[in-house]
Amino acid sequence: MNLFSLFKRKSSAPVARERLQILLAHERIATGHSELLAKLQEEIIQVIARHIKIDRDKVHVKLDRGNDMSTLEIDVDLPSVMPLLPARG
Amino acid sequence: MAKVLVVTSGKGGVGKTTSTAALGAALAQNGANVVVVDFDVGLRNLDLVMGAERRVVYDLINVVQGDAKLAQALIRDKRIDNLSLLPASQTRDKDALTSEGVERVVNELKEKFDWVICDSPAGIEKGAMLAMRHADVAVVVTNPEVSSVRDSDRIIGMLDSKTAKAEKGERIEKHLLLTRYDPGRAARGEMLNVEDVLEILSIPLLGIIPESEEVLRASNLGSPVTLASPAGTAAKAYFDAARRLGGEKIDVVVPMERKGFLGRLFSRRVA
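Positions within a chain are numbered from 1, following the residues in the order the chain's sequence is written. Chain letters and ligand numbers both follow the written order, the letters beginning at A and the numbers at 1. Local features are withheld for residues below a pLDDT of 70 in this predicted model, meaning they are given only at 70 or higher, and side-chain atom pairs are given and counted only at 80 or more; totals for whole chains, interfaces and linings count all residues. Side-chain measures were taken over the full set of non-hydrogen atoms in the model, leaving aside hydrogen atoms and water.

By rolling a water-sized probe across the atoms, one finds the places where empty space is left. Residue and element names in this part refer to chain B. Cavity and pocket criteria rest on a 1 Å grid covering protein atoms alone: a 1.4 Å probe that fits but cannot get out defines a cavity, protein on both sides within 12 Å along at least 5 of 7 lines defines an open pocket, and an atom within 4 Å of a point defines a lining residue. Grid points are joined across faces, edges and corners, and a volume is the space filled by probe spheres set on the points. Summed over the entire model, instances satisfying the criterion amount to one cavity of 30 Å³ or more. In terms of lining, the largest cavity is formed by Thr18, Val49, Val215, Ala218, Ser219, Ser223, Pro224 and Val225. Counting residues per element, the lining of the largest cavity draws most heavily on helix H11 (residues 213-221), at three residues. Strands are runs of DSSP state E lasting at least two residues, helices are runs of H or I lasting at least four, and both sets are numbered from the N terminus onward.

With that settled, consider the nonpolar core. Residue and element names in this part refer to chain B. As used here, the term nonpolar core means buried Ala, Val, Leu, Ile, Met, Phe, Trp, Tyr and Cys residues forming a set that is joined through side-chain atoms within 4.5 Å. The classification of residues rests on relative accessible area computed with a 1.4 Å probe and restricted to protein chains. Under 20% of the type maximum is buried, over 50% is exposed, and intermediate values are partly exposed. Formed by 50 residues in total, the largest nonpolar core has its most connected members in Phe39, Leu86, Leu97 and Leu109. Looking at this core, the element that brings in the most residues is helix H7 (residues 146-159), giving five residues. Every residue in contact with Leu97, bar those within four places of it in the chain, is listed here: Phe39, Val41, Leu60, Ile61, Val64, Val102, Lys126 and Leu130. If you look at the next biggest cluster of nonpolar residues, it comprises 41 residues, including Val36, Val56, Trp115 and Leu245. Residues count as neighbours in contact if any of their non-hydrogen atoms are within 4.5 Å of one another.

Here the focus is a negative patch on the surface. Note that patches include only residues with greater than 30% relative accessible area and no salt bridge, and the join distances are 9 Å for like charges and 5 Å for nonpolar side chains (Val, Leu, Ile, Met, Phe, Trp, Tyr). The protein chains shown are the only cover counted for residues, whose accessible areas, like all others here, come from Shrake-Rupley with a 1.4 Å probe. Whenever Lys or Arg places a side-chain nitrogen within 4 Å of a carboxyl oxygen from Asp or Glu, that contact is recorded as a salt bridge. Positive charges come from Lys and Arg alone, negative charges from Asp and Glu alone, with His and the N- and C-terminal ends not counted. The atom standing in for a charge is NZ when the residue is Lys, CZ when it is Arg, CG when it is Asp and CD when it is Glu. On the surface, Asp55, Asp57, Glu73, Asp75 and Asp77 of chain A cluster together into a patch of negative charge. As for its placement among the helices and strands, Asp77 of chain A is situated in the segment after strand S2 (70-76).

With that settled, the discussion passes to the pairing of strand S6 (residues 137-142) of chain B. All names here are of chain B. For S6, the tally of buried residues reaches six of six residues, placing the bulk of the element in the interior. With burial as the criterion, each face of S6 is covered, one bearing Val137, Val139 and Val141 and the other bearing Ala138, Val140 and Thr142. Strands were regarded as paired on the criterion that DSSP finds at least two bridges between them. Direction of pairing for strand S1 (residues 3-8) relative to S6: parallel, over a ladder of four bridges. In the sheet register, Val6 faces S6, and the bridge partner there is Ala138. Pairing of S6 with strand S7 (residues 173-181), which is carried by six bridges, proceeds in the parallel orientation.

What follows deals with helix H6 (residues 126-133) of chain B. Listing the buried residues of H6 of chain B in full gives Gly127, Ala128, Leu130, Ala131 and Met132 of chain B. Contacts made by the buried residues of H6 of chain B are with S1, helix H5 (99-112), strand S5 (115-119) and H7 of chain B.

This is how it looks when you write it as structure tokens:
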């Protein structure tokens, strides 16, 4: 440290670094979730389709992250007359 | 065994095309058979940086659509025999590229060359996806700047999920190329330094290219910097990076500010 450094502005790189670390921690979770949701949706469809004929587009999976509680909401539209598939052993 | 390498970044203007030309030329100067492929359909520039803009007859899209043979579209570099360019189309749009067509052309290129280097367009749309699709190795070009680092992080996520290798459950080899690095500003805490970027992105470092006048001079002249100023600091960093891609273990030297006593005194006074 020398005399001149007293007049210098505070360095900005540490601020950049901290902002990026916080932001990317959130963004990585968000993109990771979208993949998790896609996987969940696909597997849920497969399980239901084993027993009931359903429209793939009518299955909605939603994940809400709260501070105290998180919820996984699964919304499946079933046809009015359920064409049950024969049960398998 | 041929390797397909994608040079990508998410953000524009960080040095993808410059780095594609320099790494391609450096690998060729070391004796490998190299083709550089421009995937930036509609905004081609690799031809200009390579100094081949007046020799383009057919392009990637002509080959993908079967209007030209691969051999007709390839442009051999006038300075290095074993370096070729496959230009992008300037007039068509990116929808003219199909996944199957690109795969066929990449496979054909793999038979003729040791390295197939794909220069990705900026963004995360179709063109960028197709450029990374068949890659074995990715070079993520990043500037020590917040928006570039954020976009690189996003691209790394895509390399791990959207490439053909990733879909087969294999790992794609990823390397960080830090470009436009200003050692003085990093030392003064005005710019993210090498450790900051490495810690955030956590992929292995391929090289650090210092901010250099030689890079702009090289593109003015239409020559990869490793040919235009082979003894300069930027070219040396690219040569080392190319050797690391070839599997050699060479320590990365972090560029330092080189200044005499007077220079140091003055730079502090104006700061």
